[in-house]
Amino acid sequence: MFPIILFALLSEMQSPESQHIITIDTTKVIREVSPRLWGVFFEEINHSGDGGLYAEMVRNRSFEDNRVPEGCIIQGDNFESPTGWKLPLRDQATPMTGWVPAPWGSDMVVGLEERFPLNSASPTCARVAVNALGDKGCAGVANVGFWGMSVSAGQRYELSLFTRAESGYTGRLLAALESEDGSKTYGSTELPGPGAAWEKRSATLASNASDHSARLALYLDAPGIVYFDMVSLFPGQVYKDRANGLRPDLAEMVANLKPAFIRFPGGCIVEGFTPESAWNWKETVGDTAVRPGRQNLWGYRASDGFGYHEMLQFAEDIGAEPIVVVNCGITCQGRGPVFQPLDKMEVFVRNALDAIEYANGGPKTKWGTERANNGHPEPFNLKYITIGNENSGPEYVARYGIMAEAVRRTFPDIRIISNDRMEGAPVDLEEHHYYMTPGWFAANANKYDRYDRTRPRVFVSEFAANQACGVGNLEAAVGESMFMMGLENNSDIVDMAAYAPLFCHHNNREWPVNLIVFDNHRVYGTPSYYAQRLFAENRPDVLFETSAPTLCEEKAWNTGAIGLGTWNTCAEFKDVEVSRQGESLYAWNPDQQLEGWSPGGGDWKVREGAIRQERIGTNCTIQGGDISWKDYTLRLKARKISGDEGFLILFRVKDLKNLFWLNLGGWNNTAHGVECFVDDGRAGAYERKAGAIETGRWYDIEITVEGNRYCILLDGVPLFEQTMEPVESSGVMVNAGLIRATGEYVVKVANYLDEPCTLDVCLRGCEGPVRGVMTVLHSAARTDENSLDAPLKVMPKTTPFHSESTVFTQEFPPCSLTVFRMKTAV
Ligand code: AHR
């Protein structure tokens, strides 16, 4: 009886929001959901390809890792590009990255050699010169792989290498799988001895033990000089048995996301930090021995073994639409751009057209033939191309126009994606990228609700909470889930979306937060990984009209402390005083150091009578004063020391996630503005004006808050004056729809609050009983993360769900995502 009575009561109620009721009207379809939500984005970053998805076990197989990128010079510990951008040398500072001598007491010399190139793509090789053998009777070199080689007992490994010898070498060539120090041999083989010219040798090695710190050794057993190049070792088992294949466990992690598409190969690597370092698909196909590889702007040289063909093949193998990104004649605009002259764009146009022909061309085309020669006679059926990555401005518009026109003319069916707003050039989709805090994602769930529907459809091709969330915690996953529900709700305009980046090697975290983390034998998904999976597995075809309480907290701005901050800038502040109607509330005295101040991010200290922030990083803030202060005038002086922007002056600060700030010289030192943050997410719309901050000059700043108004003076001149509107924190978000093929209802509920919330769920327009499953992504703390040692700490739990009625009550845990998948009347 109970559910029927409850339903009758619910129907009487006037305002569902006030009564904690989720009402889903299954008779009112409000939206078709784009079938292209959700995809993935692969980029060679954090060793996601080399040492990761790409199963090659030998690091620096062609001995080119120390090559100075064309046009660059070595300055101290950096490669420096012609435009002055510095790339730290890191592993490239080691003469033979990945390789160690294995002398066993012999008199020998191991080094790099450039006099006998294997081919023009691989000018450097290794030279092993043994003058006299030690007691063991052999000497050589060993490759330690990517932070150790992982071998398993009973597994086979395919070895290949190129070798040649100086005349006079009459000994044998031996290969062995060994322990880290070579003291244990797990498997060995003899290869035909090297001749006077480069020749390829291949063999299978079997391991009789498991070791995650193993190495591959190449030995000579007589004095002499032998050269090695393109030394490769692949596990016998690769994903779908493809040649030049992929690590099955990592490939499966991607396949399990059931991605609608895969965008590749980047990302910034498409742009490059010099024209030569920009990804060029033509140098990534065919025989791996003639792929030159390239210096990667993420800090290592990539082999390009996982090249264009392999990416297209992987897309096909996991049933995802491939989306290729090509360079638009501009190197990375954030790293000192080089612009290709507009009258010399032909090479970039050609590259784009040929990339499409390689994927789709018939047997009579040059690149279609090349694809067939590389093992795939059938077309890959590429439908999308993106011109540029994170490019913008008039330079981009001009180059994009040339390329997009040519693509449209030659391949009218290909859908063309732009990075920026484009007028007067063919564009089918426009890309947007978001890397923010979990709170920002939660607060911006409705970002596309009022988006201009006359503009091209949107591809949110990179998004992730990657600040204030450790290396990816539960809160990030729940914040992103709210944002993703907003994208589903707006999928009349938002066509596709992908989390980024996809992969990270545990030992090479170049990017702070990534979806899948691995080492040489283990892998785990972050909580965001499980959120992505839940969305892909539970994508409804249509959404229903749904009303639900948001349960958010209203933030009024009538009290709050003060603070200072910087964004990618070093700056200093002095003469900080707060007063109310002539009465002093606070005056900072350098002798007190930072007593009473609480830093968030950054490196704050007192130097020469000023408070100084010395770290170049985003969101460096410090809070001072009293959060119970109401009306006050804050006066101070601020001076920029170095960096990209100006400074931030914080007011009405509740804590360092809930505040207002005056951003002077923000947006890359192009504008001044006022911004409001709730739970770390930007909220409300405040003012912005063009403006910049000069380095080395002291500015006088005055901010008065009175009631719900602020008034700001810069050097005594009024800058901004406005009312601070109350805003809402992130609370609960709900959407619901139907999977047509199975007749299942999908209801998603994200609770961003710190408390559980109990809601009545009412499915209108259908009859019970209701049966299915309920999956909850939750953990003991919102900051909980997964790790290699605890890979499943935060993961969804699925339980059967049953209700006799279409109205039921459910408790949603704090910081959680709940997905119901259910049918009625079964
Ligand atoms: O995903 C990591 C990087 O973020 C991508 O290379 C770039 O497009 C963005 O800046």
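Residues numbered from 1 in each chain as written. Predicted model: local features only at pLDDT ≥ 70, side-chain atom pairs only at ≥ 80, totals over all residues. Heavy atoms only, no water.

1. Remarks on the overall build of the protein
Reasoning step 1: A count of helical and extended segments in the protein gives 11 helices and 54 strands.
Reasoning step 2: Relative to the compact-globule value of 28 Å for 826 residues, the protein shows a C-alpha radius of gyration of 30 Å, a close match.
Reasoning step 3: Considering only C-alpha atoms, the protein reaches an extent of 90 × 75 × 55 Å along its principal axes.
Reasoning step 4: Out of the 826 residues in the protein, the part that is buried amounts to 59%.
Reasoning step 5: Entry remark: accessible area of the protein is about 31,600 Å², with carbon and sulfur atoms responsible for 49%.
Reasoning step 6: Charged side chains in the protein number 77 positive and 106 negative. The centres of these two groups are separated by 2 Å. (Helix = DSSP H or I, 4+ residues; strand = E, 2+ residues; numbered from the N terminus. Rg over C-alpha atoms; globule rule 2.2 N^0.38 Å. Buried < 20%, exposed > 50% of the residue type's maximum accessible area, 1.4 Å probe, protein only. Areas by Shrake-Rupley, 256 points an atom, 1.4 Å probe, with all protein chains shown as cover. Lys, Arg positive; Asp, Glu negative; His and termini not counted. Charge placed at Lys NZ, Arg CZ, Asp CG, Glu CD.)

2. Structural notes on the site of the ligand
Reasoning step 1: In the vicinity of the ligand, the contacting residues are F41, E43, G267, C268, W298, N389, E390, H433, Y435, E462, P501 and W511.
Reasoning step 2: Within the side chain of Y435, an N or O atom sits 2.6 Å from an oxygen atom of the ligand.
Reasoning step 3: Here an oxygen atom of the ligand and a side-chain polar atom of E462 are 2.7 Å apart.
Reasoning step 4: Coverage of the ligand by the protein amounts to 95% of the 280 Å² it exposes when considered alone.
Reasoning step 5: Looking at the shell around the ligand residue by residue, the classes come out as six nonpolar, three polar and three charged. (Near = heavy atom within 4 Å. Polar contact = N/O pair within 3.5 Å; in protein donor to acceptor, adjacent residues only side chain to side chain. Nonpolar A, V, L, I, M, F, W, Y, C, P; charged D, E, K, R; others polar.)

3. Some remarks on the environment of F228
Reasoning step 1: Counting through the fold element by element, F228 comes out in strand β16 (residues 224-235).
Reasoning step 2: Residue classification places F228 among the buried positions, given a relative accessible area of 0%.
Reasoning step 3: Sequence separation of F228 and V128 is 100 residues, and the distance between their C-alpha atoms is 8.1 Å.
Reasoning step 4: Once residues lying within four places of it in the same chain are set aside, the contact partners of F228 are F63, C125, A126, V128, V141, L161, F162, T163, L173, W198, L218 and L220. (Contact = heavy atoms within 4.5 Å.)

4. Examining the sheet that holds strand β7 (residues 107-113)
Reasoning step 1: In spatial order, the strands read β7-β8-β16-β11-β14; together these five strands make up an open sheet with antiparallel pairing. Edge positions in the sheet fall to β7 and β14 (199-206), since each of these pairs with one other strand and no more. Averaged over all adjacent pairs, the angle separating strand axes in this sheet is 30°, with direction ignored.
Reasoning step 2: Alignment of strand β11 (residues 156-165) against β14, held across eight bridges, turns out to be antiparallel. Bridged to S160 within β14 is S202. (Pairing = 2+ DSSP bridges. Axes fitted to C-alpha atoms, helices over the stretch in contact; angles between N-to-C directions.)

5. Observations regarding the sheet that holds strand β3 (residues 73-75)
Reasoning step 1: Sheet architecture is open: three strands sit in the order β3-β4-β5, paired in antiparallel fashion. Sheet topology places β3 and β5 (86-88) at the edges, where each strand pairs with a single neighbour. Ignoring which end each strand starts from, the neighbouring axes of this sheet average 35° apart.
Reasoning step 2: Strand direction decides the pairing type here: strand β4 (residues 78-80) and β5, joined by three bridges, are antiparallel. Directly across from F79, in β5, lies its bridge partner L87.

6. What to know about the pattern of salt bridges
Reasoning step 1: Enumeration over the complete set of coordinates arrives at 49 salt bridges.
Reasoning step 2: Across the pair D495 and R36 runs a salt bridge, and its minimum N-O distance is 2.5 Å. Linking D495 in strand β25 (residues 494-499) with R36 in the loop between β1 (21-32) and β2 (37-41), this pair joins segments that are 459 residues apart in sequence.
Reasoning step 3: Residue classification places R36 among the partly exposed residues on the basis of a relative accessible area of 28%.
Reasoning step 4: With its nearest N and O atoms 2.7 Å apart, the salt bridge here joins D700 to K637. Placement of D700 in strand β44 (residues 698-706) and of K637 in strand β38 (residues 632-643) is noted, with a sequence separation of 63 residues between them.
Reasoning step 5: Since its relative accessible area comes to 36%, D700 is described here as partly exposed.
Reasoning step 6: Ionic contacts of the salt-bridge type, sharing partners, join the residues E572, D603, K605, R612, E614 and R639 into one network. (Salt bridge = Lys/Arg side-chain N within 4 Å of Asp/Glu carboxyl O.)

7. Concerning the pairing of β44
Reasoning step 1: Sheet topology places β38 next to β44; eight bridges connect them, and they run antiparallel. Looking at β44, one finds that K637 is bridged to D700.
Reasoning step 2: Here β44 runs beside strand β45 (residues 709-714); their pairing, made up of six bridges, is antiparallel. Bridge pairing in β45 links E706 to R709.
Reasoning step 3: With antiparallel pairing between neighbouring strands as the criterion, β44 and β45 make up a hairpin whose turn holds two residues, including G707 at a positive phi of roughly 60°.

8. Thoughts on the state of the cysteines
As used in these notes, a disulfide is a covalent bond between sulfur atoms, one from each of two cysteines.
Reasoning step 1: In the structure shown here, the tally under the stated rule is zero disulfides.
Reasoning step 2: C676 takes part in no disulfide bond, and the closest cysteine sulfur, belonging to C552, lies 14 Å away.
Reasoning step 3: Here C711 is not disulfide-linked; the sulfur of C676 is the nearest cysteine sulfur, at 18 Å.
Reasoning step 4: C711 sits in the partly exposed class, given a relative accessible area of 27%. (Disulfide = S-S within 2.5 Å.)

9. Points about the layout of surface pockets
Reasoning step 1: Roughly 520 Å³ of volume is contained in the second largest pocket.
Reasoning step 2: Taken together, 28 residues make up the lining of the second largest pocket; nearest its centre are P275, E276, A278, E283 and R294.
Reasoning step 3: Elements that contribute at least two residues to the lining of the second largest pocket include exactly β18 (294-295), β20 (321-326) and α5 (346-360).
Reasoning step 4: Examining the composition of the lining of the second largest pocket, we find that three residues originate from one element, α5, more than from any other.
Reasoning step 5: Grouping the constituent residues of the lining of the second largest pocket by class yields 13 nonpolar, nine polar and six charged. (1 Å grid on protein atoms, 1.4 Å probe; cavity = no way out; pocket = protein on both sides within 12 Å on 5 of 7 lines; lining within 4 Å. Points joined across faces, edges and corners; volume = space filled by probe spheres on them.)

10. Here we look at unusual backbone geometry
Reasoning step 1: G267 follows G266 through a cis peptide bond whose omega is 15°.
Reasoning step 2: Note the cis peptide between A500 and P501, where omega equals -15°.
Reasoning step 3: Residue position: P501 is located in the loop between β25 and β26 (503-505).
Reasoning step 4: Positive phi is not limited to glycine here, since Q581 has a value of about 40°.
Reasoning step 5: Judged by relative accessible area, which is 81%, Q581 ranks as exposed.

11. Considering α5
Reasoning step 1: Here α5 contains 15 residues, and its C-alpha end-to-end distance of 21 Å stays within 8% of the 21 Å for a straight helix at 1.5 Å per residue.
Reasoning step 2: Of all the 15 residues making up α5, 11 are buried; the element is thus mostly covered by neighbouring parts of the structure.
Reasoning step 3: What α5 keeps buried is the set F348, V349, N351, A352, L353, D354, A355, I356, E357, Y358 and A359.
Reasoning step 4: Contacts from the buried residues of α5 go to α4 (308-317), β20, α6 (366-373), β21 (384-387) and α7 (393-410). (Expected span 1.5 Å × (residues − 1).)

As far as function goes, none of this settles anything; it's purely spatial.
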